[in-house]
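Survey of secondary and tertiary structure
Listed below are the residues making up each chain.
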Amino acid sequence: MSATTRRLTTAQALVRFLSAQYTERDGVRRRLIAGTWGIFGHGNVAGVGQALLEAGEDVMPFHQGRNEQSMVHAAVGYARQLNRLSAQAVTTSIGPGATNLVTGAALATINRLPVLLLPGDYFASHAPDPLLQQLEHPVEADVSVNDTLRPVSRYFDRITRPEALIPSALQAMRVLADPAETGAVTLALPQDVQAEAYDWPEEFFAERVWYVRRPAPDPVELAAAVEAIRAAQRPLIVAGGGVHHSEAEAALKAFVEATGIPVASTQAGKGSLRHDHPADLGGIGHTGTAVSDELARSADLVIGVGTRYTDFTTASGTLFQNPDVRFLNLNITGFDAHKLAARTLVCDARSGLERLREALGGHRVSGAYEAGYRAGKERWEEVVEAAYRADDENAVPTQTQVLGALDAAVGDDDVVINAAGSLPGDLHKLWRSRSPRQYHLEYGYSCMGYEIPAGIGVQQAAPGTPVWALVGDGTYLMMPTEIVTAVQEGLPVNIVLLQNHGYASIGGLSEETGGERFGTAYRFRAADGTFTGAPLPVDLAANAASLGMDVLRAKTVRELREALAAARASDRPTCVYVETDPAATAPPAEAWWDVPVAETATREAAVEARERYDRQVADRRRHL
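Heads up: these notes are all about the structure in this document. (Residues numbered from 1 in each chain as written. Predicted model: local features only at pLDDT ≥ 70, side-chain atom pairs only at ≥ 80, totals over all residues. Heavy atoms only, no water.)

**What to know about helix H8 (residues 219-231)**
- Taking 1.5 Å per residue as the helical rise, H8 with its 13 residues ought to reach 18 Å, and the 18 Å between its terminal C-alpha atoms agrees with that figure.
- Considered for burial, the residues of H8 that qualify are Leu222, Ala224, Ala225, Val226, Ala228 and Ile229.
- Against helix H10 (249-259), strand S15 (301-305), strand S16 (326-331), strand S17 (343-346) and helix H14 (349-360) lie the buried residues of H8.
- Among the residues of H8, the N-terminal cap falls to Asp218, whose side-chain oxygen and the backbone nitrogen of Val220 are separated by 2.9 Å. (Helix = DSSP H or I, 4+ residues; strand = E, 2+ residues; numbered from the N terminus. Expected span 1.5 Å × (residues − 1). Buried < 20%, exposed > 50% of the residue type's maximum accessible area, 1.4 Å probe, protein only. Contact = heavy atoms within 4.5 Å. Polar contact = N/O pair within 3.5 Å; in protein donor to acceptor, adjacent residues only side chain to side chain.)

**Examining the packing of helix H3 (residues 68-81) against helix H18 (residues 451-461)**
- As a packed pair, H3 and H18 sit with axes 7 Å apart at the nearest point and diverge in direction by 40 degrees. As summarised for this structure, H3 and H18 are arranged oblique, according to the angle between their axes. Here the hand of the crossing between H3 and H18 comes out right-handed. Along the contact surface, H3 presents Ser70, His73, Ala74, Gly77, Tyr78 and Gln81, while H18 presents Pro453, Ala454, Gly457, Val458, Gln460 and Ala461.
- Its residues assigned to classes, the contact of H3 with H18 shows six nonpolar, six polar and no charged. (Axes fitted to C-alpha atoms, helices over the stretch in contact; angles between N-to-C directions. Parallel < 35°, antiparallel > 145°, perpendicular 65-115°, else oblique. Left-handed = near helix turned anticlockwise from the far one by under 90°. Nonpolar A, V, L, I, M, F, W, Y, C, P; charged D, E, K, R; others polar.)

**So, the environment of Thr307**
- Positionally, Thr307 belongs in the loop between S15 and helix H12 (311-314).
- On the basis of relative accessible area, Thr307 is assigned to the buried category, the value being 5%.
- Setting aside anything within four residues of it in sequence, one finds Thr307 in contact with Val238, Gly240, Thr266, Asn331 and Asp336.

**Details of the side chain of Arg610**
- Residue placement: Arg610 occurs in helix H24 (residues 604-617).
- Since its relative accessible area comes to 18%, Arg610 is described here as buried.
- Setting aside residues up to four positions removed in sequence, Arg610 forms contacts with Val597, Ala598 and Glu599.

**Digging into the sheet that holds strand S14 (residues 280-283)**
- Strands sit in the order S14-S13-S12-S15-S16-S17 across an open sheet of six strands; the sheet is parallel. The sheet is open, and its two borders are formed by S14 and S17, each paired with just one other strand. The average undirected angle you get between the axes of adjacent strands in this sheet is 20 degrees.
- When S16 meets S17, the two strands line up parallel, connected through four bridges. (Pairing = 2+ DSSP bridges.)

**Structural notes on the environment of Gly507**
- Within the element layout of this structure, Gly507 appears in helix H21 (residues 504-512).
- With residues up to four places along the chain from it excluded, the contact list for Gly507 reads Arg517 and Thr520.

**A closer look at the packing of aromatic side chains**
- All chains considered together, the criterion is met by eleven aromatic pairs.
- Look at Tyr309 and Phe327: their rings are 6.2 Å apart centre to centre, the planes differ by 85 degrees, and that puts the pair in the edge-to-face class. Linking Tyr309 in the loop between S15 and H12 with Phe327 in strand S16, this pair joins segments that are 18 residues apart in sequence. The exposure classification of Tyr309 matches that of Phe327, with both residues buried.
- Where Phe312 meets Trp593, the ring centres are 4.5 Å apart and the plane angle is 65 degrees; that geometry is what we call edge-to-face. You can see Phe312 sitting in helix H12 and its partner Trp593 sitting in the loop between strand S23 (574-579) and H24, a full 281 residues away along the chain. (Phe/Tyr/Trp six-rings, centres within 6.5 Å; stacked < 30°, edge-to-face > 60°.)

**Section: the sheet that holds strand S3 (residues 28-31)**
- Ordered in space as S3-S2-S11, the three strands form an open sheet in which the pairing is mixed. Looking along the sheet, the strands with just one partner apiece sit at the ends: S3 and strand S11 (208-211). With direction set aside, neighbouring strand axes in the sheet form an average angle of 30 degrees.
- When strand S2 (residues 21-25) meets S3, the two strands line up antiparallel, connected through four bridges.

**Considerations on unusual backbone geometry**
- Cis peptide bonds are those with omega within 30 degrees of zero, and the linkage from Asp129 to Pro130 qualifies with -10 degrees.
- In this fold, Pro130 is placed in the loop between strand S7 (115-121) and strand S8 (155-158).

Right, dumping it as structure tokens:
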């Protein structure tokens, strides 16, 4: 080795490079890649695996996973908890190990959260083709299964020569650290290239700091935004996940207290204001609160802050019904800022809110408007109390009573994680967020199986913080494997496992859309061949215990409260298992969601559902 180069394999060089990358925002510096998750096979064991072993835990901490998809979920949970300023890498073998990454990569990119994927790939030399698990294409020899990661990655490259790693690794870090570009980044690593040695320039391993920008709004856009806000009589803020990613919660609070403009939140944005702030109206859209959706229908200016405006937020284009409604979108990406034909403020959320507050110079909404939304908020609090209330402590709890018991058990800094099923709707309507990071809902991809591994990632990012993964039986059966990882690492993640014998959310949706709950229950087949027999004798609590968790079974509301308290006090991974009363106690949807219904059918349920659908879809608007 000369004074200016270092001879290492490509995998060794990559690990050393990653260990020297940092982000910095507001003077706070963090490791950009804080650790690597991995499952080893022939496609990465002798390359990346050997490199991690040689580097050691001080250079690159290693986390052993049980499922490739769930390793990505854990890394995403970690990155979200740390506001995208630190991320983790995931290494897999070729073949199924690599393709198992696709779902997690899609989730990361849709939610704009950074994760570095390092799948093994076929030999760049093609010398031993076809090798084990290689997909052969008859006319495209450079195609591998890793190409499935291209559409779900924000940056993708296949490193076919050692020296090609240098520009690609730098581009990968740029994308991961850029708040306007971030998502899944994939560097596919051919087996032979991983193990090939090269004389690397020492500068490649120098410490690099990637500064996370806070771009300010353009003066012309700012002036137009101020004019629009001053002219509005009924403005409403829609707070999205960008508020959290920017750490703009304090700036939002100051803006709201200066102007009196109320805030409704998307799933990703909930907790942008503390639940008991007078201007916090809770969730918006299909799973929103009555007061939020009522204001949304009459708003003449909708101010989106860091939101993507998914169909759940806009009620599939039916929510914002004021004939004169206009939109003003503050977003770090021009792509999102221009949605709904909006006036735009393309800037950092904190920077934009601070400049807006200064430029508005004491402007405030009318006292009547404030009094009206505050009264609506008080009425909704009564709905929450009724849903949470359990008059009989010895009764089997409903799902909303489970949330009420958890609400009473958690502290301000606990983190509650969920992603799919009927729980996201109940949580969005009812949960009382007490801190910016408490409400952790993955609803961009709404991926069943996210919750448990994400809980591990959050626990890694915030040691000592009580973490709660809320899962139904359907979600639990999708991906419980990382329980073993939590036990192995001594991470005291709490799982609240609700047994309701099937897909409760999709069952309800099926009934609403004329599907008559077909194929949504976990039951034996009846004589007519349908799944309407007795519940399956599945003991998920026993399964969690077999994977190493402490398990607390709760049959009544009282036992549930006791079990939650014991779980929170425990220093071991703990599962609270409860079979819920299927009675519907959540408030109904306050806005529509478009799930197309069969246009022609012979069954009465579908015919009636189509009639309802035709009435509702007529309210859709295109905002131009």
